[in-house]
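Spelled out from the first residue to the last, the chains are:
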Amino acid sequence: MNLPNLSVYMVSDSSGETVIAVTKAVISQFDNIEVQEYMWPLVRSKEQIDEIATALQKNPGIVIYTILNKELREHLKLKCSELNVKCFSPIANIISEICSYCGVLTSKKTPEKEILSDINYFKKIEAINFTVNHDDGQQSKDFNNADILLTGVSRTSKSPTSLYLAQRGYKVANWPIINGVDYDFSLIDKPLIVGLTIGIERLIQIRQCRLMGQDLKNFKNDYTDATSIKDEIKYANRIFNKNNFPIVDVTSKAIEEISAEIINLYFAKKGEHLITI
């Protein structure tokens, strides 16, 4: 018997954590529908909503959103109404809406059963193991097996961002940029490569905090020197620009927001917003 199909568009003006958590909790109640999940984080303009509407025209489904801006919410609702697409926030009765949309009842699976039977759980474990083993330039010959490769100077949140993305199921490697060292990215063609940059003052502050309680003899004198740091960042940016890497400025951003930007870039590289991991 063919199962009903459901495309779920998760739309958020932030990292998407809330809408993802709610959607996953609801979808776990159904083992009698085939679900495709599309994630649209950092939606902060009408133009982005128009792109979602275009995707919905090609592949109809339902839209679950968390958007604070009233004007954007209303624009999303209008576009969905024009397409006769159901659109609601997590505070709506989502389970009832899906039952109505697909003509099925909930399967009433327990969370324990869902965790043990969900192949995504094991993919996430695999992604975490991969990320840990490819931190800070380790096993660089294996970088083509990554989904995402982060690069940047020391203390640009490469490792914590990598681990956060791994929790979301992405295999991530990171490669530190050291001033004056030659890097060859020509053979790394599979993963999305993202350059992480940061403001000079912020990097000085982070590195100074890093030195607190440490033996200063273990660090080079230029580790917190403003001129040296400026040169480091310029060198890294030259590498990013030479290789046409997308750049994310992490200066004043939380890990969640940095990750959301990277996920958007990942989807853009694929040409779609389908979650396949």
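The rules behind each value
- Residues numbered from 1 in each chain as written.
- Predicted model: local features only at pLDDT ≥ 70, side-chain atom pairs only at ≥ 80, totals over all residues.
- Heavy atoms only, no water.
- Pairing = 2+ DSSP bridges.
- Helix = DSSP H or I, 4+ residues; strand = E, 2+ residues; numbered from the N terminus.
- Axes fitted to C-alpha atoms, helices over the stretch in contact; angles between N-to-C directions.
- Contact = heavy atoms within 4.5 Å.
- Expected span 1.5 Å × (residues − 1).
- Buried < 20%, exposed > 50% of the residue type's maximum accessible area, 1.4 Å probe, protein only.
- Arc of directions from axis to C-beta.
- Polar contact = N/O pair within 3.5 Å; in protein donor to acceptor, adjacent residues only side chain to side chain.
- Parallel < 35°, antiparallel > 145°, perpendicular 65-115°, else oblique.
- Left-handed = near helix turned anticlockwise from the far one by under 90°.

K.L.:
It is not clear to me how the sheet that holds strand E8 (residues 247–249) should be interpreted in this structure. Could you clarify?
P.N.:
Paired through backbone hydrogen bonds, the strands of a sheet run either parallel or antiparallel to each other. Here we have 4 strands laid out as an open sheet, ordered E6-E5-E7-E8, and parallel in their pairing. Every other strand in the sheet has two partners, leaving strand E6 (172–176) and E8 as the edge strands with one partner each. Pairs of neighbouring strands in the sheet enclose a mean axial angle of 25°, with direction left out of account. Sheet strands in contact with helix H7 (residues 158–167) are strand E5 (148–152), E6 and strand E7 (192–197), and its direction is about 175° off that of E6.

K.L.:
I would appreciate a short explanation of helix H3 (residues 70–82) in the present structure.
P.N.:
For an α-helix the count is 3.6 residues per turn, leaving residues at separations of three or four pointing the same way. Along its 13 residues, H3 runs 18 Å from first to last C-alpha, staying within 8% of the 18 Å computed at 1.5 Å per residue. Those residues of H3 not exposed but buried are Leu-72, His-75, Leu-76 and Cys-80. Projected down its long axis, H3 carries its buried residues within an arc of 130°, all on one side. Those residues of H3 that are exposed and aimed more than 90 degrees away from the buried face are Lys-70, Glu-71, Ser-81 and Glu-82.

K.L.:
Looking at this model, I keep getting lost on the pairing of E6. Mind explaining?
P.N.:
Every regular strand shows the same layout, with side chains that alternate between the two sheet faces. Of all the 5 residues making up E6, 5 are buried; the element is thus mostly covered by neighbouring parts of the structure. Residues Val-172, Asn-174 and Pro-176 of E6 are buried on one face, and the alternating residues Ala-173 and Trp-175, pointing to the opposite face, are buried as well.

K.L.:
Help me understand the side chain of Arg-207 in this model?
P.N.:
Within the secondary structure, Arg-207 sits in helix H8 (residues 200–211). At 2.9 Å, the side chain of Arg-207 and the side chain of Glu-232 are in polar contact. If we ignore the near neighbours within four places in the chain, the residues touching Arg-207 are Val-153, Ser-154, Arg-155, Tyr-223, Thr-224, Ile-229 and Glu-232.

K.L.:
It is not clear to me how the sheet that holds strand E2 (residues 34–40) should be interpreted in this structure. Could you clarify?
P.N.:
Spatially, 5 strands are ordered E4-E3-E1-E2-E9 in an open sheet, and the strand pairing comes out mixed. The strands lining the two open edges of the sheet, one partner per strand, are strand E4 (86–88) and strand E9 (274–275). Where E2 and E9 come together, 2 bridges link them in antiparallel fashion. Paired with Glu-37 across the two strands is Ile-275, which belongs to E9. Relative to strand E3 (residues 62–66), H3 is tilted by about 175°, and along the sheet it contacts strand E1 (5–12), E3 and E4.

K.L.:
Teacher, can you tell me more about the packing of helix H2 (residues 46–58) against H3 here?
P.N.:
Packing of H2 against H3 leaves a shortest axis separation of 10 Å and a crossing angle of 20°. Comparing the axis directions of H2 and H3 gives the class roughly parallel. Remark: the crossing between H2 and H3 carries right-handed chirality. When H2 is examined against H3, the residues Lys-46, Ile-49, Asp-50, Ala-53 and Leu-56 are found in contact with a partner set consisting of Glu-71, Leu-72, His-75, Leu-76, Lys-79 and Cys-80.

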